[in-house]
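# Notes for the structure review
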Amino acid sequence: MSDTAYTLSAPCAFRQSLDCIFLACTGWFFFCLCDAIVKFLASDYNVIQIMAISSLAGTIMTGTWILFTHGWRGFMPPCLKWYLVRMVNVVGSGYFINQSLSLISMADFYGI
């Protein structure tokens, strides 16, 4: 391969940097917005209920994206063993986080 395959011109590199900065700022904005919404909803709803509804919405959006970009084969991972290990890890972390939220307030949880 030639060296020019990995060389970016100055305007392209500048544009990519601006895109990265914009995406990072947008991501941070949405993270803060979600955090504020959860704190607002926590006054009326149970925290576990908020997390369950958010997870359900995220699952539907992610599943739809996988279906449209990769088809039905996108749901079958190439290395099932590691996905199963990750699934157990995610379920375990979700369970223990929920248990901790039943013992301490959300403000204390965020402080940790």
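Structure: see above.
Residues numbered from 1 in each chain as written. Predicted model: local features only at pLDDT ≥ 70, side-chain atom pairs only at ≥ 80, totals over all residues. Heavy atoms only, no water.

What follows covers helix α2 (residues 47-70). One turn of the α-helix equals 3.6 residues, which is why residues spaced by three or four share an orientation. For α2, built from 24 residues, the straight-helix expectation of 34 Å at 1.5 Å per residue is met to within 8% by its first-to-last C-alpha distance of 34 Å. Taken from the residues just after α2, Gly71 is the one with a positive phi, measuring 75 degrees. (Helix = DSSP H or I, 4+ residues; strand = E, 2+ residues; numbered from the N terminus. Expected span 1.5 Å × (residues − 1).)

Topologically, Thr62 is positioned in helix α2. A polar contact of 2.8 Å, which involves the side chain of Thr62, links it to the backbone oxygen of Gly58. (Polar contact = N/O pair within 3.5 Å; in protein donor to acceptor, adjacent residues only side chain to side chain.)

All right, on to the layout of surface pockets then. Computed from the structure, the largest pocket encloses a volume of approximately 470 Å³. In terms of lining, the largest pocket is formed by 17 residues, of which the most central are Ile50, Met51, Ser54, Ser55 and Gly94. Contributions of two or more residues to the lining of the largest pocket are made by α2, α3 (80-103) and α4 (106-111). Per-element tally for the lining of the largest pocket: the top contributor is α2, with seven residues. (1 Å grid on protein atoms, 1.4 Å probe; cavity = no way out; pocket = protein on both sides within 12 Å on 5 of 7 lines; lining within 4 Å. Points joined across faces, edges and corners; volume = space filled by probe spheres on them.)

Once that is clear, we can look at the packing of aromatic side chains. As enumerated under the stated definition, the model contains four aromatic pairs in all. With centroids separated by 5.3 Å and ring planes inclined at 70 degrees, the aromatic side chains of Phe29 and Phe30 adopt a geometry described as edge-to-face. When its relative accessible area of 46% is taken as the criterion, Phe30 is described as partly exposed. (Phe/Tyr/Trp six-rings, centres within 6.5 Å; stacked < 30°, edge-to-face > 60°. Buried < 20%, exposed > 50% of the residue type's maximum accessible area, 1.4 Å probe, protein only.)

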